[in-house]
Amino acid sequence: MVFADPGEARARAQGVLESDPSPWRASVAHQVIGIWQRDWGDMRIALHHLRRARDLAARAQAPDREADVLAALGVALVHAGRTRQGLEALERGVAVSSGHTRARVLFRRAYASWVLGRHREALDDVRKAIPVLRQADDVIWTARALTLRATVHLALGAVDRADADFAAAETLWDTTGQDHDKADAVESRGLAAFRQGDVPVALRLLDEAEERYAKLGTPSFMLYIRRCEVLMAAGLAPEALAEADTAIGVLDGIGGQSTRKAELLLAAARAAKVAGDPHTAIARAALAVRLFAGQRRPWWETHARLVLIEARLAAGRGSGRLVADAAAVAERLASFGAPAAPAASLLAGRIALGLGWTADAERHLAVAARSRHSGPPLARMTGWAAQALRARAAGSSRGVLEACRRGLDVLDDHRMTLGASELRARATEQGAELAALAQQASAESGGPRRLLMWSERWRATVLSAPPTRPPADPALLSNLTAFREIAARAAAARMEARPIPALEREQRRLEREIRSRTLHMRGDAPGDEDRFDVGRLLERLGGVRLVELAVLDGRVQVLLCGDGRVRRFEAGLLADAEVEAEHVQAGLRRLAHPGAEARLPVVEAMGRRLEELLFGAAAAHLGSGPVVVVPPGRLHRVPWALLPSLRDRVLSVSPSASSWLRARETEPPPGGRHVLVRGPGLATGGAEVPELADRYGRPTLLEHDDARVPRVLEEIDGATLTHIAAHGTFRADSPLFSSLRMADGPLIVHDFERLDRSPYRIILSSCDTARLASVGADELLGLVTALLPLGTAGVVASSAPVNDHAVVPLMLALHKGLSAGLSLAEALRDARAALPGDAMHQATGWAFTAFGAA
């Protein structure tokens, strides 16, 4: 019962002990309490009860009873870090047992071997146990043994064998009432899905397992460890680190298993390394190494040493000693049959290359490259990265580019299995090294065209295909509605200076629910998305100049496309440009308020410095026609209209040249519907909207109670032009919860992703609607990038705070141009020119940008 209804089992066991039981019955009761404490409570209390159970079994002169308790005690001692004592108890249990009981003891010894990383020994024991358990028709223990064997197979990379055992175990679990074991089986299936590269299914199954554990009141620290691994693979390393650290705190609070603490420290170290915090990674990994060593767990200790070496390298501590350490770790992992062995060989090769040890590097990289043809996506990418580094060391640009192409193709296929745009964007980080190697090789051996092609290969890929539409999931829709209601109540309370901690807690809970459900979405099968064609781009540009900014070794490279050719110029350092862009943002914020006239020349001077850093000599070759700027993700906050060479011309911005081409070739929907939306609480009351309603004759006008999210989504779906005057809120912590304020609460990015087709043109007239979060290799998440893959060809939005009153004349002038048949970029240029010349109006005009090509 302890794994069917843990709380009830513990209560009954305590009841038995209060009834003056026989030694045999008392032994069973103490064992149940010991198991409960071992798996979900305090290890000290667990060991006390299990030792008492062992002594009572010996007094009862029941060898099989004593063997069963010894097995449970042995597992507890191993989890407490007392490996030698634990294995001795298990050996004693095997020795005094026979038949069916001996098979159960062998299963526990196999489980202890798995915990210790002794996978071959675990397989030997579990293979001996399964036939006996089956012969005894012991369904529960047979299912446990199959689940354990499957888990060991996964640790050794034998995914197909694991699948077969999980399927057989699941069939048996369906015939039992073992709720905790069933939850464990769901968790294990989640791990199997992850090993096969199916991140959405893995997240869904792990969330389902957590719900089952929660109903039983039993925390599962193994679940936290596995979810950390999946979150990291999904590009969510900060979340993984937070989850691991929280679990460590809970485990320490209850005096739980030392083995699980070491594993959680390893998970935290991996997450910190991926999150770009090498010093935290070093601290966590070093502690994990000490714990694993003390627990006599060499398989785990070696994995922790691998992370420790990676973190030291990331902290700039490359050395010859580190090459030797990485090589030793690779050799030991290979002897264990661990799937991480190629990653360790790649690490040794990479460090050796950095030191100029080409012969050593070639030896290690050749070993790592063997993984490129088989295994899960990330293992194959490791192999292709090794192959690319080998080719670079050999001076073969063609070899580098071929390896990078093959590796990024693997990641493309993996990325397209992810339905959520957030996961697709974050997954690109795993291809950042390959993309950088390819760009470097292109710059060294090819002309500007080749560099442009590789710049595009890994830029804004999340926009290359629409995200999977959220399912018609009643729970998701209910959560979205509840989220809007709670957010609206919280906003009202803030305005009245009322305390809102309870509302904020509920809002965060609903955000977690919504995000969790969207992350479960699977993507379509790998698509045949169009490959970027430089010739096609040059043909479609006509008289337009397209300026794509690439970054090599931290310096901006300007790729100027137009007149049938691509030219390359070198500009300033990206880091300097980022700092200057932040200064410009601060200047625009100040100019948004009256009385800052004296700051206008200062901001204009900042614009000149920023242009020099971003364009360099290319600024003199832009011609006089329209310009499209394609910046890297880290420059998304630049107000491009402030740059002197762009200030008085038709200007648009695009996340990639491919994205601009798609927008250029997108046809407007039939019908020519215009939708005007006015949200609550604007300083001007959205004063431009009534005038625009008169201009457009009979548009769909949504204001007051009509401007509710369901109605707004219904009306803007497939519209030709949508203008939304509403407060915008950018969420840097969770960009897909960036929102526009409607009558019933926030309209968030997740809502836009439910549209069949977003508006062909959309104008967002409030502050910060063009702010985006830079994630992954070179991806952006936010309102604008949510719209572009869904059918929107052009967006006008602001990247800085603006003065509501100054926005009104800008918007009226913009729509005047649109009514005359101009594009968004043309109309926005003319609208800026029509504004008064004071600082506030000028800053407002610079803050708005036209995205796309409509």
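In this report, we go over the structure that sits alongside the text. (Residues numbered from 1 in each chain as written. Predicted model: local features only at pLDDT ≥ 70, side-chain atom pairs only at ≥ 80, totals over all residues. Heavy atoms only, no water.)

**Describing the overall build of the protein**
Where we set the bar: Numbered from the N terminus, helices here are DSSP runs of H or I no shorter than four residues, and strands are runs of E no shorter than two. Restricting the calculation to C-alpha atoms gives the radius of gyration, and the globule rule supplies 2.2 Å times the number of residues raised to the power 0.38. Only protein chains enter the accessibility calculation, which uses a 1.4 Å probe; a residue whose area is less than 20% of its type maximum is buried, one above 50% is exposed, and one in between is partly exposed. When checking whether two residues touch, look at their non-hydrogen atoms; a contact exists if any pair is within 4.5 Å. For every accessible area listed, the method is Shrake-Rupley and the probe measures 1.4 Å; residues are considered covered only by the protein chains on display.
Looking only at helices and strands, the protein has 37 helices and 16 strands in total. A globule of 854 residues ought to have a C-alpha radius of gyration of about 29 Å, and the protein, at 31 Å, matches this closely. Taken over the C-alpha atoms alone, the protein extends approximately 100 × 65 × 45 Å along its principal axes. Out of the 854 residues belonging to the protein, those deemed buried represent 59%. Once local pairs closer than 6 in sequence are excluded, the contacts in the protein between residues at least 24 apart make up 70%. Surface accessibility of the protein: about 32,700 Å² in total, with carbon and sulfur atoms responsible for 49%.

**Focus on the environment of Gly 671**
Here Gly 671 is to be found in the loop between helix 30 (657-664) and strand 6 (674-678). In this structure the C-alpha to C-alpha distance between Gly 671 and Arg 54, which are 617 residues apart in sequence, comes to 81 Å.

**Here's the deal with the layout of surface pockets**
For clarity, the cut-off: Residues are said to line a cavity or pocket when one of their atoms sits within 4 Å of a point; the points come from a 1 Å grid over protein atoms alone, cavities being sets where a 1.4 Å probe fits but cannot get out and pockets being open sets with protein on both sides within 12 Å along at least five of seven lines. Grid points are joined across faces, edges and corners, and a volume is the space filled by probe spheres set on the points. Residue polarity is assigned by list, with Asp, Glu, Lys and Arg as charged and Ala, Val, Leu, Ile, Met, Phe, Trp, Tyr, Cys and Pro as nonpolar; anything else, Gly included, falls into the polar class.
One number sums up the size of the second largest pocket: a volume of about 1,600 Å³. Arg 508, Arg 509, Glu 511, Arg 512 and Glu 513 are the residues nearest the centre of the second largest pocket, which is lined by 50 residues in total. Per-element accounting of the lining of the second largest pocket gives the leading share, eleven residues, to helix 26 (residues 501-519). The residue makeup of the lining of the second largest pocket, split by class, is 19 nonpolar, nine polar and 22 charged.

**Details of the pattern of salt bridges**
To be explicit about the condition: Within this document, salt bridges are pairs made up of a side-chain nitrogen of Lys or Arg and a carboxyl oxygen of Asp or Glu, the two lying within 4 Å of each other.
Under the counting rule described, the total for this entry stands at 49 salt bridges. Among the salt bridges present, the one from Asp 245 reaches Arg 284, with a minimum N-O distance of 3.0 Å. You can see Asp 245 sitting in helix 13 (residues 237-254) and its partner Arg 284 sitting in helix 15 (residues 278-294), a full 39 residues away along the chain. Glu 263 serves as the salt-bridge partner of Arg 297, at 2.4 Å between the closest nitrogen and oxygen. One end of the pair, Arg 297, is in the loop between helix 15 and helix 16 (298-314); the other, Glu 263, is in helix 14 (residues 258-274), and 34 residues separate them in sequence. We note that Arg 297, like Glu 263, is buried. Ionic contacts of the salt-bridge type, sharing partners, join the residues Glu 402, Arg 405, Arg 406, Asp 409 and Arg 457 into one network.

**Overview of the sheet that holds strand 10 (residues 739-742)**
The condition is simple: Two strands qualify as a pair provided DSSP detects at least 2 bridges between them.
Taking strand neighbours across the sheet as the criterion, the three strands line up as 9-10-11 in an open arrangement whose pairing is antiparallel. Only two strands of the sheet have a single partner each, and these edge strands are strand 9 (728-729) and strand 11 (745-748). In the sheet, strand 9 pairs with strand 10 via two bridges, with the strands oriented antiparallel. Residue pairing in the sheet places Gly 728 in a bridge with Leu 740 of strand 10.

**Some words on helix 13**
Rules: In a helix, the anticipated span is given by 1.5 Å times the number of residues less one. Summarising the geometry, the arc corresponds to the directions from the helix axis toward the C-beta atoms.
Across its 18 residues, helix 13 extends 26 Å between first and last C-alpha, which sits within 8% of the 26 Å expected from 1.5 Å per residue. Among all positions in helix 13, only Ala 237, Ala 240, Leu 241, Glu 243, Ala 244, Ala 247, Ile 248 and Leu 251 are buried. Down the axis, helix 13 shows its buried residues gathered within 165° of arc, on one side only. Counted as exposed and oriented over 90 degrees from the buried face of helix 13: Pro 238, Thr 246 and Gly 253. In this fold, the buried residues of helix 13 make contact with helix 12 (221-233) and helix 14. Gly 255 sits one or two residues past helix 13 and shows a positive phi near 70°.

**Thoughts on the packing of aromatic side chains**
Ring pairs (aromatic) are described by centroid distance and by the angle formed between their planes. The cut-off we apply is this: When the centres of two rings from Phe, Tyr and Trp lie within 6.5 Å, Trp using its six-membered ring, the rings pair. Their planes under 30 degrees apart give stacked, over 60 give edge-to-face, and anything left gives tilted. Note on criteria: charge over ring means Lys NZ or Arg CZ within 6 Å of the ring centre, with the direction from the centre no more than 35 degrees off the ring normal.
Counting across every chain of the model gives nine aromatic pairs. Taking 5.1 Å as the distance between ring centres and 75° as the angle between the ring planes, the aromatic pair formed by Trp 299 and Trp 300 counts as edge-to-face. Neither Trp 299 nor Trp 300 differs from the other in exposure class; each is buried. Put simply, the rings of Phe 3, Trp 36 and Trp 40 touch in pairs and so form one group of aromatic residues. Across from the ring centre of Trp 141, 4.8 Å away, lies the NZ or CZ of Arg 144, which sits over that ring. Positioned above the aromatic ring of Trp 384 is the side chain of Arg 372, whose terminal nitrogen or guanidinium carbon lies 5.4 Å from the ring centre.

**Notes on the pairing of strand 1 (residues 545-552)**
With respect to burial, strand 1 is a largely interior element, seven of its eight residues being buried. Note that strand 1 and strand 4 (residues 627-630) share four bridges and pair parallel. Note that in strand 4 the partner of Val 547 across the bridge is Val 629. Turn length for the strand 1-strand 2 (residues 555-562) hairpin, with the two strands adjacent in sequence and antiparallel, is two residues, and the turn residue Asp 553 shows positive phi of about 50°.

**A few points about the packing of helix 18 (residues 341-354) against helix 20 (residues 377-393)**
To be explicit about the condition: Here the axes come from fitting lines to C-alpha atoms, over the contacting stretch only for helices, and the angles between their N-to-C directions go from 0 to 180 degrees. By definition in this entry, angles of less than 35 degrees are roughly parallel, angles greater than 145 are roughly antiparallel, angles of 65 to 115 are roughly perpendicular, and the rest are oblique. Crossing handedness: left-handed means the near helix sits turned counterclockwise from the far one by under a right angle, and right-handed means the same turn made clockwise.
The geometry of helix 18 relative to helix 20 is characterised by a closest axis approach of 10 Å and an angle of 25° between their N-to-C directions. Considered as vectors, helix 18 and helix 20 are oriented roughly parallel to each other. Considering only the axes of helix 18 and helix 20, their crossing is left-handed. Residues Pro 342, Ala 343, Leu 346, Arg 350 and Leu 353 of helix 18 touch helix 20, and the partners they reach there are Thr 382, Ala 385, Ala 386, Leu 389 and Ala 393. Here the contact of helix 18 with helix 20 is composed, by residue class, of eight nonpolar, one polar and one charged.

**Focus: the packing of helix 16 against helix 17 (residues 320-336)**
Two numbers describe how helix 16 lies on helix 17: the axes approach to 10 Å, and their chain directions differ by 150°. In terms of their interaxial angle, helix 16 and helix 17 are classed as roughly antiparallel. Between helix 16 and helix 17 lies a crossing whose hand is left-handed. From helix 16, Pro 298, Trp 299, Thr 302, His 303, Arg 305, Leu 306, Ile 309, Arg 312 and Leu 313 reach across to helix 17, where they touch Leu 322, Asp 325, Ala 326, Val 329, Arg 332, Leu 333 and Phe 336. Considered class by class, the residues forming the contact of helix 16 with helix 17 number ten nonpolar, two polar and four charged.

**Focus on the pairing of strand 12 (residues 761-764)**
Residue alternation in strand 12 divides its side chains into two sets, Arg 761 and Ile 763 and Ile 762 and Leu 764, and both sets are buried. Examined bridge by bridge, strand 8 (residues 721-725) and strand 12 share four bridges and lie parallel to one another. When the sheet's bridge partners are listed, Thr 722 is paired in strand 12 with Ile 762. Sheet analysis places strand 12 next to strand 15 (residues 794-798), joined by three bridges and oriented parallel. Its bridge partner being in strand 15, Ile 763 is matched across the sheet by Val 796.

**Re the environment of Trp 36**
With respect to the helices and strands, the residue Trp 36 is situated in helix 2 (residues 23-40). For the pair Trp 36 and Leu 291, spaced 255 residues apart in sequence, the C-alpha to C-alpha distance is 24 Å.

**Observations concerning unusual backbone geometry**
Of note in the backbone geometry, Asp 137 takes a positive phi value of approximately 55° without being a glycine. One can find Asp 137 in the loop between helix 7 (119-135) and helix 8 (139-155). For Asp 137, a relative accessible area of 62% puts it in the exposed group. Even without glycine at this site, Asp 553 takes up a positive phi of about 50°. Along the chain, the position of Asp 553 falls in the loop between strand 1 and strand 2. Take Asp 553: its relative accessible area is 69%, and that puts it in the exposed class.

**Remarks on the nonpolar core**
One broad trend across soluble globular proteins is that nonpolar side chains are buried collectively. For clarity, the threshold we go by: Here the nonpolar core consists of buried residues drawn from Ala, Val, Leu, Ile, Met, Phe, Trp, Tyr and Cys, with membership extended through side-chain atoms lying within 4.5 Å.
The biggest cluster of nonpolar side chains holds 154 residues, and the ones touching the most others in it are Val 2, Leu 264 and Cys 404. By residue number, the principal contributor to this core is helix 12, which donates ten residues. Residues within four places of Val 2 in sequence aside, it is in contact with Ala 9, Val 32, Ile 35, Trp 36 and Trp 40. Val 558, Leu 787, Val 807 and Leu 835 belong to the second-largest nonpolar core, a separate cluster that totals 98 residues.

**Comments concerning the side chain of Arg 545**
Structurally, the position occupied by Arg 545 is in strand 1. Setting aside residues no more than four positions away along its own chain, Arg 545 makes contact with Leu 560, Cys 561, Gly 562, Asp 563, Arg 567, His 621, Leu 622, Pro 626, Val 627 and Val 628.

**Some words on helix 20**
Given a rise of 1.5 Å per residue, 17 residues ought to cover 24 Å, and the 24 Å separating the end C-alpha atoms of helix 20 matches this to within 8%. Buried residues of helix 20: Pro 377, Met 381, Thr 382, Gly 383, Trp 384, Ala 385, Ala 386, Ala 388, Leu 389 and Ala 391, and no others. Once helix 20 ends, the next one or two residues include Gly 395, with phi positive near 75°.

This is a description of form; function is not addressed.
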